[in-house]
Each structure stands twice: as structure tokens, then as C-alpha cells.
Amino acid sequence: MAKLWAGRTSGVTDSTADDFNSSIRFDKRFIREDIAGSMAHAAMLGARGILSDGEAEAIIDGLQGILDDLDGGVLAVDPQAEDVHMFIEQVLTERLGDVGRKLHTARSRNDQVALDLRMYLRHEMEAVMEQVRELGRAVANIAEENKAAIMPGYTHLQRAQPILFSHHLLAYAMMLLRDLGRLDDCRGRLNVSPIGACALAGTTYDVDRRMEAKMLGFEDVAPNSVDAVSDRDFCVELLSALSILMMHLSRFSEELVLWTSWEFQFVSLSDAFTTGSSIMPQKKNSDMAELVRGKTGRVYGDLMGTLTMLKGLPLAYNKDMQEDKEAVFDAVDTVKMCLSVFTPMLRSMTVHASNMRKAAQTGFINATDLADYLVRKGLPFRSAYKVAGKIVSECIQSSQVLETLPLETYRQYSTLIEEDVYDAIDLRTCVAKRCSEGGTSPESVERQLAWVREQLEEE
Ligand code: ARG
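Please read all numbers here as calculations on a predicted model, not as lab measurements.

**Student:** Help me understand the pairing of strand S1 (residues 150-155) in this model?
**Tutor:** Pairing geometry for S1 and strand S2 (residues 158-164), over 6 bridges, is antiparallel. Pairing of Tyr154 across the sheet is with Arg159, part of S2. Remark: 2 residues form the turn of the hairpin made by S1 and S2, two consecutive strands paired antiparallel; His156 in that turn has positive phi of roughly 55 degrees.

Here's what the structure looks like:
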């Protein structure tokens, strides 16, 4: 069948070229946005007298009929159509005749596709944000439930200093809050209407872009028509924000993989979120966490693919830009899927505070506190650091820990050390003393928790 755009050419294309060119298999996703956009367009054309009221009404009713038939299963998307825009216009024209042919007045697919994509991503982004908030709440709840648990904090994956497990968890909540901030920021620039830019230059018709934008829930209209149809920054920004979010999830996943290992045993995941091995009977694998970690690469790929597709593209619209959709759709789907598994996996996780505590008791993570103790007794920090280091070395040689080393031995290294050293190096003291703003003391963590909760509930 000849295309709606037949005229300059016969409109009859090679069937392989047709398949290659067609985007209906993926852009049918925003068929609802396309119909809503067309309804607003017809209403605006009617309001401006570009179409008669009767014509505008007939088009809006016709579009509503198409929507109803799609919902009712009476009408199916034609996989042969070039794209969703052509499909809707084609059906409308079949149903209404000449009136249907008037819908595309003062419009181009170039501004139409940008409009549809922005509208689609707007609600997808909101759905992702709600999922991120949900994960943030889950993290806050687990932090609250395990307030007293002490774990070794790590640097270089070596035991470093004792921290509260809740403090560690809240670090992830902070990342999620920044993710929300980035998504929100990106939403501001996304929620600008391109419609009315037409092919690239604007239109000779006396349109009302603001009316159309307002009807469709946009905060503003794009101020330059060339930019309006060329701009895919909103895709890149969304993909960047999603990539960073995935990076956070992958770091969290990696820790879960570590923590569930036999070597750590800090937490265990519910059976519902783990798998077994087909050969090794003892295995309980953290596949979901691994997959989230793995899928991060895929979302980065979507970002890189889109950036590369846009690189060096001359203004304004180019067909290359049709490639934006599969990338953003894939990224959004992947992130939503990851979050929908990650959050319940976390919620159903069991925390083994005693194992964390055990791990915190070995590894000399209170050595800094021993040095700080000596500083309080009058030694300059660098000298105190050296004495503490020597004591650690003594402990390693004699298979002891700082908590069990006799006072006489301590005093061989520094006579400043007295009985109160044991209290100073007690893990609880170590944690409680780190009361600097943002530190790991219980009061500080309590404040962080309250702040996180407050931020999560803010719109
Ligand atoms: N399917 C196209 C896309 O996704 C719609 C825009 C087509 N515009 C054009 N001038 N061929 O980008």
C-alpha cells in the first residue's frame, strides 16, 4: 500500500526497506500519548478556527473511538504501519474520510514524536521515582530495625573502623535521594512542549502552542522550533540519571553478594530471592543481586548508544533519532524490573548482627581509637599512631586482639596506658565517640534517619 506521504515519490517502498524503516514495533508503546496529543491538537485547531468546531469534534470523537477499540480489542495495531503516528492517522482517515486528513494541519511527525516521547517518559519517570522512594523507605526501615548492630566499616575492602550497620545502610539512602533529585531535575527540562515546532521552522497557521501544552500537562513550550525537534537531551539526561541509579544498585548488590557469602555471613536473603545450583547441593546463590549488578552494564550501554547516535547529528530532525526510543525504553524497563526485585529482596533479608559484631571484633578496627586514646593522654597523633601500630603488630604475633591484650603488655609500649584503655577501645565506645556531624554515633545516625525519612516524603 502506498504511504500517506506518497506524492513526491510513489510511496511504494521495498519491503525490506520498509521493515528497516518501521518503528511501530516499539513506538506503539506510546499510542495513548499519541492519541492524547492528537486530541489536544484537534481541540487547539478548533479553538483557533483553523478547523471548524464540527471538524475538531469529529476528529476528537474519532480518536476516542480508536482508543476504545484498541482497549476493547476490536482494533489491533498494524505491524505493517510505518510508525504509530501514521497508524493512527491512517485509521482515523479510513473512518472519517477527509476530516481525518485534516488532523495533521500545522503539525509534523517531528514535533509529534518528540511530544509523544516526552509525555511517555514523564509518567515512566514518575513510576521509577516512586519505586526509588519505596526502596529508600525499605532501606530506612532496615536501618531503624537494626539500629544497634555494629559492623566493620571497610576501606580497600580491609576492615577499617567500626560503624553502625544502620549508618552504612543510610549511605545508600543518601545515594537514592540524589537519584531522586537528578530525576526530578531532569523532569523539569523534559516537561517542555515541542508541539507547534512542526517540521522545524514553526508554522504559518495561527496556532496556540501554549493551549496545547497546557492541555497536555506541560509546564512550558520549547522556545526555539529548531531545537524543539532536534533536542533529545531529555533522553540523555534520563539515561544518565538511570545509569547513576543502576551504579548505586550495583554497588549495593555487590555488597549483598559479599555479605551473603560464607566468608561474611552478615545477612542472608530469603529463599524466594535466591537460587540453587544444578550440581552443587549446598549452594544458595544471590542471583538477583548479581543480575541487578549485571544489568547495570546494559543501562550504561543504552546511555552510550544514545550519546553516540546523537554525536555530530546536524540540526534539525534526522532519522537516526528514531533510535532513541529503544534505548530509553530498555533502560526504563530494566531499571523498573531491577527495582521491583531489589526492594522486596532487601525487605525480606535477615540481618545477622552477631556475625557482623564478630567480624568487627577481629581485624583491629579499634586501632585508631587506641591512637586517639593516647592523643587524649597527651601524645601527638603521629607518635600515638606509631605506638598503636606496634601494639597491633604485637597482637598479631601473639594471636591476640586489642581487647584481650594484658595491661602490662600495653604498658611496655606506653606508660600512658591505663586500665581505662579497655573502655576506650570497646567497639561501642568507638562508635559512640564518632559524634561529628554525619558520623557513625547513634545520635548522628538517628538524625540521618530522620532526615532521610523527611526527604523521602517531600514531593
Ligand atoms: N518514527 C519516527 C521517529 O521515531 C517519527 C518521526 C519521523 N519523521 C520523519 N520526518 N520521517 O523518529
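**Student:** Help me out: how do you make sense of the environment of Gln158 in this one?
**Tutor:** In this fold, Gln158 is placed in strand S2. Note: C-alpha distance between Gln158 and Gly363 (205 residues apart in sequence) is 8.5 Å.

**Student:** How should the nonpolar core be read in this particular structure?
**Tutor:** Across soluble globular proteins, you tend to see nonpolar side chains buried next to one another. By size, the foremost hydrophobic cluster in this structure holds 99 residues, and its most contacted members are Leu121, Phe165, Leu242 and Leu256. Those residues in contact with Phe165 that sit more than four places away from it in its chain are Ile142, Asn146, Ala149, Met151, Trp259, Val267, Met349, Val351 and Met356. One finds Ala384, Val387, Val392 and Ile417 within the second-largest nonpolar core, a separate group that totals 20 residues.

**Student:** Just checking my understanding: could you explain the site of the ligand for this structure?
**Tutor:** By nearness alone, every residue bordering the ligand is listed as Ser23, Asp27, Asp83, His85, Arg109, Asn110, Val113, Tyr317, Gln322 and Lys325. Take Asp83: an N or O atom from its side chain is 3.1 Å from a nitrogen atom of the ligand. In isolation the ligand exposes 340 Å². Once the protein is present, 86% of that is buried. Top contributing element to the shell around the ligand by residue count: helix H6 (residues 109-145), with 3 residues. Here the shell around the ligand is composed, by residue class, of 2 nonpolar, 4 polar and 4 charged.

**Student:** Help me out: how do you make sense of the side chain of Asp330 in this one?
**Tutor:** Locating Asp330 in the fold gives a position in helix H12 (residues 324-347). Overall, Asp330 belongs to the buried group, its relative accessible area being 17%. Beyond its immediate sequence surroundings of up to four residues, Asp330 is in contact with Arg298 and Asp302.

**Student:** I keep staring at the packing of helix H7 (residues 165-190) against helix H19 (residues 442-457) and nothing clicks. Help me out?
**Tutor:** For any two helices packed against each other, one specifies the inter-axial angle together with the distance between the axes. Two elements in contact, H7 and H19, have axes separated by 10 Å at closest approach and are oriented at 25 degrees. Classified by the angle their axes make, H7 and H19 are roughly parallel. Judged by the sense of rotation from one axis to the other, the crossing of H7 with H19 is left-handed. Counting all contacts with H7, which are made through Ser166, His167, Leu170, Ala173, Met174, Leu177 and Leu180, the residues of H19 involved are Val445, Gln448, Leu449, Trp451, Val452, Gln455 and Leu456. Among the residues making up the contact of H7 with H19, the classes are represented as 10 nonpolar, 4 polar and no charged.

**Student:** Any chance you could explain the state of the cysteines here in plain terms?
**Tutor:** Simply put, disulfide is the name for a covalent bond between the sulfur atoms of two cysteines. Here the structure, examined in full by the defined rule, presents 0 disulfides. The closest cysteine sulfur to the non-disulfide-bonded Cys235 is located on Cys186, 9.1 Å from its own sulfur. There is no disulfide at Cys435, and the cysteine sulfur nearest it, in Cys430, is 13 Å away. Overall, Cys435 belongs to the partly exposed group, its relative accessible area being 48%.

**Student:** Would you take a moment to explain the packing of helix H4 (residues 53-71) against helix H5 (residues 84-96) for this structure?
**Tutor:** With their axes 10 Å apart at the nearest point, H4 and H5 run at an angle of 115 degrees to one another. Overall, the two elements H4 and H5 adopt an arrangement that is roughly perpendicular. At the point where H4 passes H5, the crossing takes the right-handed sense. Here Ala58, Ile59, Gly62, Leu63, Gly65, Ile66 and Asp69 of H4 lie close against H5, whose contacting residues are Ile88, Val91, Leu92, Arg95 and Leu96. A per-class count over the contact of H4 with H5 returns 8 nonpolar, 2 polar and 2 charged.

**Student:** What am I meant to see in unusual backbone geometry here?
**Tutor:** The general pattern is negative phi for most residues beyond glycine and trans for most peptide bonds. In this model, Leu315 is joined to Ala316 through a cis peptide bond whose omega is 5 degrees. Among the structural elements, Ala316 can be located in the loop between helix H11 (287-310) and H12. If you check the backbone angles, His156 has positive phi at about 55 degrees while not being a glycine. Given a relative accessible area of 75%, His156 falls into the exposed group. A positive phi is found at Phe364, a non-glycine position, where the angle reads about 60 degrees. Assignment of secondary structure puts Phe364 in the loop between helix H13 (353-361) and helix H14 (367-376).

**Student:** How should I be thinking about the packing of aromatic side chains in this particular structure?
**Tutor:** Pairs of aromatic rings are described using the distance from one ring centre to the other and the angle between the two planes. According to the stated counting rule, one finds 10 aromatic pairs in the structure shown. With centroids separated by 6.5 Å and ring planes inclined at 65 degrees, the aromatic side chains of Phe30 and Tyr120 adopt a geometry described as edge-to-face. Remark: Tyr120 occurs in helix H6 and Phe30 occurs in the loop between helix H2 (24-27) and helix H3 (31-47); sequence separation between them is 90 residues. Here the two residues Phe30 and Tyr120 agree in accessibility, since each one is buried. Among the aromatic residues, those joined into a cluster by ring pairs are Phe30, Tyr120 and Phe329. The ring of Tyr385 is capped by Arg382, whose NZ or CZ atom sits 4.7 Å from the centre of that ring.

What counts, and where the lines are drawn
- Residues numbered from 1 in each chain as written.
- Predicted model: local features only at pLDDT ≥ 70, side-chain atom pairs only at ≥ 80, totals over all residues.
- Heavy atoms only, no water.
- Pairing = 2+ DSSP bridges.
- Helix = DSSP H or I, 4+ residues; strand = E, 2+ residues; numbered from the N terminus.
- Core = buried A, V, L, I, M, F, W, Y, C linked by side-chain atoms within 4.5 Å.
- Buried < 20%, exposed > 50% of the residue type's maximum accessible area, 1.4 Å probe, protein only.
- Contact = heavy atoms within 4.5 Å.
- Near = heavy atom within 4 Å.
- Polar contact = N/O pair within 3.5 Å; in protein donor to acceptor, adjacent residues only side chain to side chain.
- Areas by Shrake-Rupley, 256 points an atom, 1.4 Å probe, with all protein chains shown as cover.
- Nonpolar A, V, L, I, M, F, W, Y, C, P; charged D, E, K, R; others polar.
- Axes fitted to C-alpha atoms, helices over the stretch in contact; angles between N-to-C directions.
- Parallel < 35°, antiparallel > 145°, perpendicular 65-115°, else oblique.
- Left-handed = near helix turned anticlockwise from the far one by under 90°.
- Disulfide = S-S within 2.5 Å.
- Phe/Tyr/Trp six-rings, centres within 6.5 Å; stacked < 30°, edge-to-face > 60°.
- Lys NZ or Arg CZ within 6 Å of the ring centre and 35° of its normal.

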